[in-house]
Amino acid sequence: MEKRILFLCAGNTCRSPMAEALFRQMLGQAGLAGHFTVASAGLSAFRGDEAAPGAAEAMRERGLDLSAHRSRPLSGTLAAETEWAVTMTQAQKDLILKACHGAKQVVSLGEFAGSDIEDPYGGDAQNYRFCAEKIEGALGKFLARLREEEK
């Protein structure tokens, strides 16, 4: 049975779509693509926004395409279908723990990065590259945790 992982940030246009794309790539490279369903949403997202241009460019540089991404807000139904809710900051994790009781596991990606994954929105290309690198490093540690729990 596939486990559902939901990446969450504020607007679902920068960090969570980058995490979603990067994690899908990691799962494919690890031969685990069929074990997990990966998605993203935003805590205060509008429905239908495209990925931020800086996020799209940072992913293009890694061979990933965010052109089909459209933002969506977190819903109770979505949370209830989620095995792992992965936020970008501790404050977002705290909010999810208080407001959404559907997800079975809630973690902050910042826990794996050593600090919160700050929002690059409005920053220059280097801000988005740095954010993508931080997300990628944290996702490697998150994947290791998932593999350990599967044993």
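Only a predicted model underlies this, so the values are computations on that prediction, with no experimental measurement involved. (Residues numbered from 1 in each chain as written. Predicted model: local features only at pLDDT ≥ 70, side-chain atom pairs only at ≥ 80, totals over all residues. Heavy atoms only, no water.)

> Outline the pattern of salt bridges, supporting the account with residue identities and numerical values.
Overall, the coordinates contain 8 salt bridges when judged by the stated rule. Across the pair Arg60 and Glu57 runs a salt bridge whose closest N-O atoms are separated by 2.9 Å. In this pair, Arg60 and Glu57 are both assigned in helix 2 (residues 53–60), 3 residues apart and thus about one turn of the helix distant. Taking the relative accessible area as the measure of exposure, Glu57 reaches 32% and is therefore partly exposed. Here Arg145 and Glu149 are joined by a salt bridge, their closest N and O atoms 3.4 Å apart. (Salt bridge = Lys/Arg side-chain N within 4 Å of Asp/Glu carboxyl O. Helix = DSSP H or I, 4+ residues; strand = E, 2+ residues; numbered from the N terminus. Buried < 20%, exposed > 50% of the residue type's maximum accessible area, 1.4 Å probe, protein only.)

> Lay out the sheet that holds strand 3 (residues 84–87) with the relevant residues and their values.
Within a beta sheet, neighbouring strands are joined by backbone hydrogen bonds and run either parallel or antiparallel to one another. Pairing is parallel across the open sheet formed by 4 strands, whose spatial order is 2-1-3-4. Edge positions in the open sheet fall to strand 2 (36–42) and strand 4 (105–108), since each of these has one partner strand only. Neighbouring strand axes in the sheet, compared pairwise and without regard to direction, differ in orientation by 20 degrees on average. Judged from the 4 bridges that link them, strand 3 and strand 4 form a sheet pairing that is parallel. Its bridge partner lying in strand 4, Thr87 is registered against Ser108. Those strands touched by helix 1 (residues 15–29) are strand 1 (3–9) and strand 2, and its axis lies near 170 degrees from that of strand 2. Against the sheet, helix 6 (residues 125–150) engages strand 1, strand 2, strand 3 and strand 4, with an angle of about 160 degrees to strand 3. (Pairing = 2+ DSSP bridges. Axes fitted to C-alpha atoms, helices over the stretch in contact; angles between N-to-C directions. Contact = heavy atoms within 4.5 Å.)

> Any chance you could break down the environment of Gln92 for me, citing the residues and the numbers?
Relative to the helices and strands, Gln92 resides in helix 4 (residues 90–99). Put simply, Gln92 and Leu8 are 84 residues apart on the chain and 8.1 Å apart in space, counted from C-alpha to C-alpha. Setting aside anything within four residues of it in sequence, one finds Gln92 in contact with Leu8, Cys9, Ala10, Arg15, Leu43 and Thr87. Reaching out from Gln92, the side chain makes a polar contact with the backbone nitrogen of Met88 at a distance of 3.0 Å. (Polar contact = N/O pair within 3.5 Å; in protein donor to acceptor, adjacent residues only side chain to side chain.)

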